Amino acid sequence: MITVQNISKRFGDYPALHDINLTIQPGEFIALLGPSGSGKTTLLRIIAGLEFQDGGKVLFDGEDVSDRKVAERGVGFVFQHYALFRHMTVAENVGFGLSVRGRKDRPSKSEIKARAEELLSLVQLGGLGNRYPAQLSGGQRQRVALARALAVEPQLLLLDEPFGALDAKVRKDLRRWLRQLHEQMGLTSIFVTHDQEEALELADRIVVMDHGVIEQVGTAEQVYMDPASPFVSDFVGEINRLPVMIAGGEVQLGGISLAIPAGEHPDGPAQLHFRPHDVELADHQPGGLPITISNIFRKGGCWRVEGHHAAVDRVIEIDLDAGVAPPIIGQQLVAFPSKSRIFAAGCP
Amino acid sequence: MTLFAASRAGWRQPSVLPGFGLTFGFSLTWLTLIVLIPLATIFLKTAGMGWSAFWAVGFSDRALAAYRLSFGTAAAAGVVNALFGLLVAWVLVRYQFPGKKLVSALVDLPFALPTAVAGIALTALYAPNGWIGQYLEPLGVKVAFTPIGIVIALVFIGLPFVVRSVEPVLADLGKDVEEAAATLGASRAQTFVRIILPAIGPALLTGFALAFARGVGEYGSVIFISGNMPGKTEIAPLLIVTQLEQYAYDGATAIATVMMVASFAILLGINLIQAWSRRRAMA
Amino acid sequence: MSRAAAVTESRLARALLIGGAMAFLGFFLLLPLLAVFSEGLKQGWSAFAAAIVEHDALAAIRLTLIIAVISVPLNVVFGIAASWAIAKFNFKGKSLLITLIDLPFSVSPVVSGLIFVLLFGAHGLLGPWLQAHDLKIIFAVPGIVLATVFITFPFVARELIPLMMEQGKDDEEAAVSLGANGWQTFWHVTLPNIRWGLLYGVLLCNARAMGEFGAVSVVSGHIRGMTNTMPLHVEILYNEYDFVGAFAVASLLAVLALVTLVAKSVLEWRFDYHHGGAGH
């Protein structure tokens, strides 16, 4: 079990992490998701022991490892740009961690070679051991980096933007394969990504970060369906955001009361969030959002309808089932968010 | 993430890589012993000299003539090098021709050839009976043993500084900006003056400054061709050597101090001009 | 590189520019180089050879090699240490340190010699103490080594600092995360990454160490067969009007320069080691 307790970190005047707390169970596959500058890579590097926190503790199975060097933490780290040693063959790269051990613990040369071959076939690169990193494709290099990290038999696998430098097709294949490998080897893995799709598809739990703070920790279902903050709601999945007023338990937009319960929110300005697929269209009816259809196009398995809301001058995005006939451009309709959330105003 | 300034906790940002104490400590100690302490003795000695003594030897007529000659010829050679160095860099970056790699390698010759060798070779060429000198003599042009000879030696020494400063900038200069200028109706000459020259200006100035600084202090290649006549063709470094040979340590020190202060001041000035032009380019 | 017609010069203009550049380089670089060999061989090979195997010339060659063998490794050790500290760590005052390392480039060679005379000479700060202990630095080999180390001080560091900064710390961090200790990381990961840059710096450092004239001239005392390096020997022969001898020894130094240029070019072409910006 990995426990991160009250971790904080500054770079000069720039607060990179602020009072981070996180617990990771053995065998979990965790994504650290956030925009650049959110502190996710810094957190990963602190867990690895590549960066040092200003305050707080990192515990592995209850034991404080804050003073333990990176090599003593039993972690495998896959670097964003792989950091393969260019002058070594693929097999030498994979065997490096074994070959630098002290004389007592070091396997023989032939054992290291055999182990490297074994790992290379595990990552489906059998027979490529004598090549140099420059002779491999991006996806192959990524797998060499992974094999190299696994060679030291880590308890914890840490990956910094593991698919960031790959093109879309390779990325998708590798993703599925990495998930399988994680399960097959019984690893605990943490990876950093700014790609929400990647995080939603791969991870058991997602840690959404922004500005050095954890915004939410939860399963893909939880962060998508039940975002804890306007940032998460906005960052994960597509969202419509409208400025509304709460007055006397009613949600008002452009002076019209909407058929949406205000819940516990106090009176005053707020923001209304709803996803494009959680909207229904109707003819003129009270309590909806009056829009003029400005654009319609096919988007995967549905129609994407864009409607202009004149009173607040915003475009609302709506996804309709492809089975129904789409509206016509210029048509005046009313949009009803079937599922929505209200957040305090002023947040992003 | 490591690009940020050092952590507030100390002057050094912690790192997992070992060896900082050892390598930093060794570097600083070695730097102090070999460079800083010896250089400091010059200023220490100058400070102990007294103002009037310093003025008397540091700004004697002979010394003033030597400064004028050293800085003047270095500036002249710097200008020649700025022009021809730009030409050479342009040709090397922009055109293909047979033997280009050989020519490019030859440009670094002044870095590799000992200055004394360059000095006697140039003298052999430009002496009145030399390879080139014999043709110049009837025209009444004297090169060796005149300031012109000093400029020629300094052109030789300074050329690679300009070429190697300008080359990478010229190579990096995107073809697209030139193409954009062409599509907007600029002639080739207009493109050069309005687009290319401003872009490589700072690098050209850097090359000039490096060549100039080297020229002011240059000794080996100059003393053979200059003739070394006090007040006429005696460069400042030679005057220092002459003073030393007469055991006039105060004189040598005073002249060295004046030269160093003047060089630093000029380099600082050039740096300021560059910083100013960069700021202007950003705005 | 083929450039579109819109952004190049006419054939004539190109020919003129290339011709102008070649004429300039021919006059200013090639001709002096040819003059060295031509003057050295003016009286045939035997006179050339005799000037080189002459006793004092051999002593000068030996001393020059000794100076290089001592000062180049010192600068290699310093260069590696300084660039490791500067490129792999963040600390305050880093740019000041880089500026100070470059300082010897902006000091006249003559002044570089003078400072050691002021420090260690008979009338220098430490002169009386050295005399009392019967130690000789100025007008002796240690002084020449010191002046040479000062002059060549930035060469290796200057090559390695930008190279190591560009390479970043990822490789080293990867090695450390795989359990390598500092020495293993340096030896197996960093050194192979910087080897061509290091060799490049060593080449330039060596050329300058063997060819330095001004600084060495001030501290050497010109004692024939004792404290004369090759460049100083060239000067003495030249001033004695032994032109063939002077140019013969100069030819050796010119060969050294040519070897340096060839090796440097091979490094640049074969190993794609690009030398960014100006040096020295």
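Nothing here was measured: the structure is a model prediction, and the numbers come from that model.

1. A word on the pattern of salt bridges
Side chains that carry opposite charge are capable of pairing whenever their charged atoms lie near each other.
All names here are of chain A.
Piece 1. Enumeration over the complete set of coordinates arrives at 32 salt bridges over all chains.
Piece 2. A salt bridge links Glu153 to Arg115; the shortest N-O distance between them is 3.5 Å. Of this pair, Glu153 sits in the loop between α4 (138–151) and β7 (156–160) while Arg115 is found in helix α3 (residues 109–122), placing the two residues 38 residues apart along the sequence.
Piece 3. Residue Glu153 is classed as exposed on the basis of its relative accessible area, which comes to 53%.
Piece 4. Notably, a salt bridge pairs Glu198 with Arg175, separated by 3.6 Å at the nearest N-O pair. One end of the pair, Glu198, is in helix α6 (residues 196–202); the other, Arg175, is in helix α5 (residues 168–184), and 23 residues separate them in sequence. For the residue pair Glu198 and Arg175, the accessibility class agrees, reading buried in each case.
Piece 5. Where salt bridges share partners, they join Arg171, Lys172, Arg175, Asp195, Glu197, Glu198 and Glu201 into one cluster.

2. Quick notes on the packing of helix α12 (residues 230–239) of chain C against helix α13 (residues 243–270) of chain C
All names here are of chain C.
Piece 1. Put simply, α12 and α13 touch, their axes get as near as 7 Å, and they point 160 degrees apart. As the angle between them shows, α12 and α13 are arranged roughly antiparallel. The hand of the α12/α13 crossing is left-handed. Contact residues: Met230, Pro231, His233, Val234, Leu237 and Tyr238 in α12; Phe243, Gly245, Ala246, Phe247, Val249, Ala250, Leu252 and Leu253 in α13.
Piece 2. Residues belonging to the contact of α12 with α13 are distributed by class as follows: 12 nonpolar, 2 polar and no charged.

3. Here's the deal with the domain arrangement of chain B
Residues and elements named next belong to chain B.
Piece 1. Per the domain assignment, the segments making up chain B are domain 1 (19–48) and domain 2 (51–282).
Piece 2. Once you take the C-alpha centre of each, domain 1 and domain 2 turn out to be 29 Å apart.
Piece 3. The interface of domain 1 with domain 2 comprises 5 residues on the first partner and 8 residues on the second.
Piece 4. Between domain 1 and domain 2 the total buried area reaches about 550 Å² when both faces are included, carbon and sulfur atoms providing 82% of it.
Piece 5. In this assembly, domain 1 and domain 2 are joined by 1 salt bridge.
Piece 6. Where domain 1 meets domain 2, there are 1 residue pair in polar contact (both at pLDDT 80 or more).
Piece 7. Tallied by class, residues from the side of domain 1 that touches domain 2 come to 3 nonpolar, 1 polar and 1 charged.

4. Here we look at the sheet that holds strand β17 (residues 302–309) of chain A
All names here are of chain A.
Piece 1. Reading across from one edge, β15-β19-β16-β17-β18 is the order of the 5 strands in this open sheet, with antiparallel pairing throughout. Two strands in the sheet have a free side with no partner beyond their single neighbour: β15 (279–282) and β18 (314–321). Ignoring strand direction, the axes of neighbouring strands in this sheet form an average angle of 45 degrees.
Piece 2. As defined by bridge partners, strand β16 (residues 289–299) adjoins β17 across 7 bridges and the pair is classed as antiparallel. From the neighbouring strand, Phe297 faces β17, where its bridge partner is Arg304.

5. Structural notes on α4 of chain A
Piece 1. For α4 of chain A, with 14 residues, the first-to-last C-alpha span of 20 Å sits near the 20 Å given by 1.5 Å per residue.
Piece 2. For α4 of chain A, the tally of buried residues reaches 12 of 14 residues, placing the bulk of the element in the interior.
Piece 3. Residues of α4 of chain A that are buried: Gly139, Gln140, Gln142, Arg143, Val144, Ala145, Leu146, Ala147, Arg148, Ala149, Leu150 and Ala151 of chain A.
Piece 4. Packed against the buried residues of α4 of chain A are β6 (75–78), α2 (90–99), α3, β7 and α5 of chain A together with α9 (170–177) of chain C.
Piece 5. Phi turns positive, to about 50 degrees, at Glu153 of chain A, one or two residues after α4 of chain A.

6. Things to note about a nonpolar patch on the surface
Piece 1. There is a patch of nonpolar side chains on the surface, built from Leu44 of chain B together with Leu125 and Leu126 of chain C and spanning about 290 Å² of accessible area.
Piece 2. Its location among the elements puts Leu44 of chain B in helix α1 (residues 20–47).

7. Notes on the environment of Ala252 of chain B
Piece 1. Within the secondary structure, Ala252 of chain B is located in helix α13 (residues 249–282).
Piece 2. Judged by relative accessible area, Ala252 of chain B falls into the buried class, the value being 0%.
Piece 3. Once the C-alpha coordinates of Ala252 of chain B and Arg188 of chain B are considered, the two residues, 64 residues apart in sequence, prove to be 52 Å apart.
Piece 4. Other than its neighbours up to four places away in sequence, Ala252 of chain B contacts Ile240, Gln243 and Leu244 of chain B together with Leu114 of chain C.

8. Focus: the side chain of Glu218 of chain B
Residues and elements named next belong to chain B.
Piece 1. Along the chain, the position of Glu218 falls in the loop between α10 (188–217) and α11 (220–226).
Piece 2. Residue Glu218 is classed as buried on the basis of its relative accessible area, which comes to 2%.
Piece 3. Side-chain polar atoms of Glu218 contact the backbone nitrogen of Gly220, separated by 3.5 Å.

Thresholds, definitions, all that
Residues numbered from 1 in each chain as written. Chains lettered and ligands numbered in written order. Predicted model: local features only at pLDDT ≥ 70, side-chain atom pairs only at ≥ 80, totals over all residues. Heavy atoms only, no water. Salt bridge = Lys/Arg side-chain N within 4 Å of Asp/Glu carboxyl O. Helix = DSSP H or I, 4+ residues; strand = E, 2+ residues; numbered from the N terminus. Buried < 20%, exposed > 50% of the residue type's maximum accessible area, 1.4 Å probe, protein only. Axes fitted to C-alpha atoms, helices over the stretch in contact; angles between N-to-C directions. Parallel < 35°, antiparallel > 145°, perpendicular 65-115°, else oblique. Left-handed = near helix turned anticlockwise from the far one by under 90°. Contact = heavy atoms within 4.5 Å. Nonpolar A, V, L, I, M, F, W, Y, C, P; charged D, E, K, R; others polar. Domains from an automatic or database assignment. Buried area = accessible area lost by both parts, 1.4 Å probe. Polar contact = N/O pair within 3.5 Å; in protein donor to acceptor, adjacent residues only side chain to side chain. Pairing = 2+ DSSP bridges. Expected span 1.5 Å × (residues − 1). Patch = residues over 30% accessible without salt bridge, like charges linked within 9 Å, V, L, I, M, F, W, Y side chains within 5 Å. Areas by Shrake-Rupley, 256 points an atom, 1.4 Å probe, with all protein chains shown as cover.

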